[in-house]
Amino acid sequence: MTDSSAAPTSTEAAPGSQGLENLLSEERRFPPSPEFAVQANATADLYAWANADRPGFWADQARDLISWSTPFTQTLDWSDAPFARWFADGRLNAAYNAVDRHVEQGRGDRVALHFEGEGGDTRSLTYADLQREVSKAANAITALGVGTGDRVAIYMPLIPEAVVTMLACARIGAPHSVVFGGFSAEALSSRILDAEAKLVVTADGGFRRGKPSALKPAVDEALAKGAPSVAHVLVVRRTGQPVEWTAGRDVWWHEAVDVASSEHTPVDVEAEHPLFILYTSGTTGKPKGIFHTTGGYLTQAAYTHLNVFDLKPETDVYWCTADIGWVTGHTYVVYGPLINGATQVIYEGTPDTPHRGRWWEIVQKYGVTILYTAPTAIRTCMKWGEEIPGQFDLSSLRVLGSVGEPINPEAWMWYRRVIGGDRTPIVDTWWQTETGAIMISPLPGVTVSKPGSAQVPLPGVAADVVDDDAKPVPNGGGGYLVLTEPWPAMLRGIWGDPERYKDTYWSRFKDIYFAGDGAKKDDDGDIWLLGRVDDVMNVSGHRLSTTEIESALVSHPWVAEAAVVGATDETTGQAVVAFVILRGDATQAADADAATVQDTLRAHVAKEIGPIARPRQILVVAELPKTRSGKIMRRLLRDVAEHRKVGDATTLADSSVMDLIAEGLAKPA
Ligand code: ATP
Ligand code: MG
């Protein structure tokens, strides 16, 4: 094993033991309203269509949703499994599909991007504008010596130029590798080296928490470590901060792109031409350079975006809050929405700048109809209090989505009630950087939804929950989430490391893809995600999920957020240790001291899910360690709980969090 992230660890159950215990039960149900169901893009027929002939179903989607310069005749080639080829003899261009064809078909005046800067500056780009900008950027990037197949690293704030750069790369067939703008020079350097990027596109800086935050110095530092492949750095002027300049290497965007021709012919590529490389969030270990190709990825991006969010391109205003540094930003900010001709909002800044109602103000301002965000954001808004969204008109919203982590049922209920006015369907979408697009999710006009569950594989997707012997668990059982059939947007590998690809995803079970997540099936056969298999705890022979215990804690009115880990314990093998963030007002009102908080919450977990899950210890903290994409990094907390040196924390959003937690623990109670 070269990588531990998806591999079962020694903390797992003894061989032969059956899956995870099924602890928490959730009885609330939300059927789609008849008004929603009747207008929905996706109906129940989709399942039957896909089940009748899965590859044929995907081929139909590929023909319906994507424009091919050379139509494909082959659908799936799985002869070299686990290396898939989809639509392999077809040719197309991703940027043409995302931009030009909308202009050609008379939709050039439709707004593609409403950009909202953190400081309140705004720009709207129509599809015709986007076509001009992308063409200019493609010409400029070509002039800098980048050709089809060369890699381009993108290290930018969430400004229109970032989207333009991604599309310009796609237009010339140069795979992009977007590196989140919050990452350090070191993280950037390792990604530039791994992909052997020829060009780095960046900005002087971006705006964050009301201040300019520099980016160019990190590029300079990363390149100073040595990067023989990089010939040029293209720099957007965003903040106006002074920058160091390396003559001959560095080029201003406004000098190269603004003056370039707005005529450019998209380069046709094979369906299997690499579109991008993207590193995983690093929640469980060292990030992996996942790469995706063109035809299959775009097909599933467009299909899921249209059906899961029920997009009506003429009337909807869509907003996905993810940064382009994450896969969610690739599939559901850039490729899915633009392929479908959507009008969307992109926002540069943080949710609390200049005030905690900023997101809701944006929803009101643009009349956002579809909102897609992460549980961490929802829990943060819960902590801030519902009076804040209550000050804005959110009645335009009609579909809400969640991605990135399991959403605790209480957070789901809050999202629906406070943001969705008790009216909107919620789609809890499970997928990964590796899957490229949504795999498991309710369909908003079809599925009777359950708070906290991603529920059903989408039409065309084959997912299951299996035991140690790869046998599907019965309803009510728990085990490992797997994907049993190839899908169009699946990763084609780990960049430059085919062995690691096979090892990480295909060695745990024969011929099926192991996602690394634990899950259970409820009595209806619906899927509930239970957290990373790496995080599963084994307490006195019982396999307990982090998600269920965390959800039990969050269901207590005092708790805003919780993270649970298993720590070595002499008597029980492992013991549950919980880290909680309290809702300040609630605990103050209850006048609870530390001992009362401990006792109350331990008893609450025992009551909600049983004495076996009662935490040995509950530690109150001010912050939890999270990745830049907002996922809790339990492995670091496990290091703390077991008094070990804290492991790789390069993708941690705020490195001081671990010091604060360690200090808090060192203090006597
Ligand atoms: P690494 O693989 O480097 O540890 P990561 O898994 O966090 O990082 P991503 O690809 O960004 O990187 O995240 C995918 C993971 O996020 C899934 O495997 C799953 O654990 C979690 N996830 C995403 N969406 C959901 C969801 N709706 N419900 C539960 N878990 C989810
Ligand atoms: Mg992962």
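Nothing here was measured: the structure is a model prediction, and the numbers come from that model.

## Structural notes on the overall build of the protein
In step 1: Of the regular secondary structure elements, the protein holds 21 helices and 30 strands.
In step 2: Principal-axis analysis of the C-alpha atoms places the extent of the protein at approximately 70 × 60 × 50 Å.
In step 3: Looking at the protein as a whole, 63% of its 669 residues are labelled buried.
In step 4: Restricting to contacts in the protein with at least 6 residues of sequence separation, those with at least 24 account for 72%.
In step 5: Just so you have it, the protein exposes about 23700 Å², and 50% of that area is on carbon and sulfur atoms.
In step 6: Across the protein, the centroid of the 61 positively charged side chains sits 1 Å from that of the 85 negatively charged ones.

## A closer look at the sheet that holds strand β25 (residues 527-532)
Picture the strands of a sheet paired through backbone hydrogen bonds; they go either parallel or antiparallel.
In step 1: Ordered by their spatial adjacency, four strands build an open sheet running β21-β22-β24-β25, and the pairing between neighbours is antiparallel. On the outer flanks of this sheet lie β21 (463-466) and β25, each paired with one strand and no other. With direction set aside, neighbouring strand axes in the sheet form an average angle of 45°.
In step 2: Where strand β22 (residues 478-483) lies against strand β24 (residues 513-521), five bridges are found, and the strand directions are antiparallel. Counterpart to glycine 479 in the pairing with β24 is alanine 519.

## Let's talk about the UniProt feature "binding site: ATP" (unreviewed entry) in the protein
In step 1: UniProt annotation of "binding site: ATP" (unreviewed entry) refers to Gly404, Glu405, Pro406, Asp428, Thr429, Trp430, Trp431, Gln432, Thr433, Asp517, Arg532 and Arg543 when read in the numbering used here. For the annotated residues, spread through 140 residues, the largest C-alpha to C-alpha distance comes to 26.8 Å, inconsistent with a single compact locus. Here, the largest cavity is lined by Glu405 and Pro406 out of the annotated residues.
In step 2: Looking at where glycine 404 falls in the secondary structure, it is placed in the loop between β19 (399-402) and α15 (409-419).
In step 3: Among the polar contacts listed, one links the side chain of threonine 429 to the side chain of tyrosine 372, at a separation of 2.6 Å.

## A few points about the nonpolar core
In step 1: Grouped together as the largest cluster of nonpolar side chains are 140 residues, with contacts concentrated most on Leu130, Leu167, Leu234 and Tyr335.
In step 2: Considering each element in turn, this core owes the most residues, nine residues, to helix α6 (residues 160-172).
In step 3: In this structure, leucine 234 is in contact with Ile141, Leu144, Leu199, Val200, Val201, Thr202, Val251, Trp252, Trp253, Ala256 and Val257, ignoring residues within four places of it in sequence.
In step 4: Membership of the second largest hydrophobic core comes to 30 residues, among which are Met382, Ile388, Leu394 and Ile419.

## As for the site of ligand 1
In step 1: Taken together, 20 residues lie around ligand 1, and Thr280, Ser281, Thr283, Thr284 and Thr433 are the ones closest in.
In step 2: Within the side chain of threonine 283, one N or O atom sits 2.3 Å away from an oxygen atom of ligand 1.
In step 3: Here glycine 404 contributes a backbone N or O atom positioned 3.1 Å from a nitrogen atom of ligand 1.
In step 4: In isolation ligand 1 offers 640 Å² of accessible surface; the protein chains occlude 94% of this area.
In step 5: Looking at side-chain class alone, the shell around ligand 1 contains four nonpolar, nine polar and seven charged residues.

## What to know about the confidence of the model for the protein
In step 1: Model confidence for the protein is summarised by a mean pLDDT of 93, while 95% of its residues fall at 70 or above.
In step 2: Counted against residues more than four places away or in other chains, residues 1-17, with its pLDDT under 50, gives 37 contacts.
In step 3: Across the assembled chains, the prediction reports ipTM 0.99 with pTM 0.94.

## Notes on the pattern of salt bridges
Between side chains of opposite charge, a pair can form when the charged atoms approach closely.
In step 1: Counting across every chain of the model gives 44 salt bridges.
In step 2: Here aspartate 526 ties to lysine 450 by a salt bridge, and the two come within 2.7 Å at their closest N and O atoms. Remark: lysine 450 occurs in the loop between β20 (426-428) and β21 and aspartate 526 occurs in the loop between β24 and β25; sequence separation between them is 76 residues.
In step 3: Among the residues examined, lysine 450 registers a relative accessible area of 2% and is labelled buried.
In step 4: Glutamate 608 is paired through a salt bridge with lysine 607; the nearest N and O atoms lie 3.3 Å apart.

## Section: helix α3 (residues 54-65)
In step 1: End to end, α3 covers 17 Å across 12 residues, agreeing with the expected 16 Å (1.5 Å per residue, within 8%).
In step 2: Listed in full, the buried residues belonging to α3 are Gly56, Phe57, Trp58, Ala59, Gln61, Ala62 and Leu65.
In step 3: Contact partners of the buried residues in α3: α2 (45-52), β2 (85-86), α4 (94-107), α10 (295-308) and α11 (327-339).
In step 4: The residue sitting at the N-terminus of α3 and contributing the capping side-chain oxygen is aspartate 53; that oxygen lies 3.0 Å from the backbone nitrogen of glycine 56.

## Remarks on the sheet that holds strand β6 (residues 152-155)
In step 1: The mixed open sheet is built from eight strands, whose spatial order is β12-β11-β8-β6-β7-β14-β15-β23. Each having just a single partner strand, β12 (250-252) and β23 (493-494) make up the two edges of the open sheet.
In step 2: Note that β6 and strand β7 (residues 176-178) share three bridges and pair parallel. What sits directly across from valine 152, in β7, is histidine 176.
In step 3: Sheet contacts for helix α7 (residues 185-195): β6, β8 (199-203) and β14 (274-279); angle to β14, the most-contacted strand, approximately 145°.

## Re the environment of alanine 586
In step 1: With respect to the helices and strands, alanine 586 occurs in helix α18 (residues 584-590).
In step 2: The spatial distance from the C-alpha of alanine 586 to the C-alpha of alanine 560 is 9.8 Å, given a sequence separation of 26 residues.
In step 3: Excluding its chain neighbours within four sequence positions, the residues that come into contact with alanine 586 are Pro557 and Trp558.

## What about unusual backbone geometry?
In step 1: Here alanine 81 and proline 82 are connected by a cis peptide whose omega angle stands at 5°.
In step 2: Non-glycine residue aspartate 310 carries a positive phi angle of around 55°.
In step 3: Mapped onto the elements, aspartate 310 comes out in the loop between α10 and β16 (317-320).
In step 4: The buried category is assigned to aspartate 310, whose relative accessible area is 1%.

## Concerning the pairing of β16
In step 1: Of the two faces of β16, the one holding Val317 and Trp319 and the one holding Tyr318 and Cys320 are both buried throughout.
In step 2: Where β16 meets strand β17 (residues 343-347), three bridges bridge the pair, whose relative direction is parallel. Of the residues in β17, the one forming a bridge with valine 317 is threonine 343.
In step 3: Of the crossover connections in this fold, the one passing from β16 over α11 to the parallel β17 is right-handed.
In step 4: Pairing geometry for β16 and strand β18 (residues 370-373), over three bridges, is parallel. By the bridge assignment, tryptophan 319 is partnered in β18 with leucine 371.

## Looking at empty space enclosed by the protein
In step 1: Enumeration over the complete set of coordinates arrives at five cavities of 30 Å³ or more.
In step 2: Here the largest cavity is characterised by a volume of approximately 80 Å³.
In step 3: Every residue along the wall of the largest cavity is listed here: Arg379, Glu405, Pro406, Asn408, Thr547, Glu550, Val554, Glu561, Ala562, Ile632 and Arg634.
In step 4: Mapped by element, the contributors of at least two residues to the lining of the largest cavity are α17 (546-554) and β28 (559-569).
In step 5: Among the elements that make up the lining of the largest cavity, the one with the highest residue count is α17 (three residues).
In step 6: Residues that form the lining of the largest cavity fall into these classes: four nonpolar, two polar and five charged.

Scoring rules and cut-offs
Residues numbered from 1 in each chain as written. Chains lettered and ligands numbered in written order. Predicted model: local features only at pLDDT ≥ 70, side-chain atom pairs only at ≥ 80, totals over all residues. Heavy atoms only, no water. Helix = DSSP H or I, 4+ residues; strand = E, 2+ residues; numbered from the N terminus. Buried < 20%, exposed > 50% of the residue type's maximum accessible area, 1.4 Å probe, protein only. Contact = heavy atoms within 4.5 Å. Areas by Shrake-Rupley, 256 points an atom, 1.4 Å probe, with all protein chains shown as cover. Lys, Arg positive; Asp, Glu negative; His and termini not counted. Charge placed at Lys NZ, Arg CZ, Asp CG, Glu CD. Pairing = 2+ DSSP bridges. Axes fitted to C-alpha atoms, helices over the stretch in contact; angles between N-to-C directions. UniProt positions renumbered as here; feature names shortened; annotations may be inferred. 1 Å grid on protein atoms, 1.4 Å probe; cavity = no way out; pocket = protein on both sides within 12 Å on 5 of 7 lines; lining within 4 Å. Polar contact = N/O pair within 3.5 Å; in protein donor to acceptor, adjacent residues only side chain to side chain. Core = buried A, V, L, I, M, F, W, Y, C linked by side-chain atoms within 4.5 Å. Near = heavy atom within 4 Å. Nonpolar A, V, L, I, M, F, W, Y, C, P; charged D, E, K, R; others polar. pLDDT = per-residue confidence, 0-100. Salt bridge = Lys/Arg side-chain N within 4 Å of Asp/Glu carboxyl O. Expected span 1.5 Å × (residues − 1). Right-handed = clockwise from strand over helix to strand, strands pointing away. Points joined across faces, edges and corners; volume = space filled by probe spheres on them.

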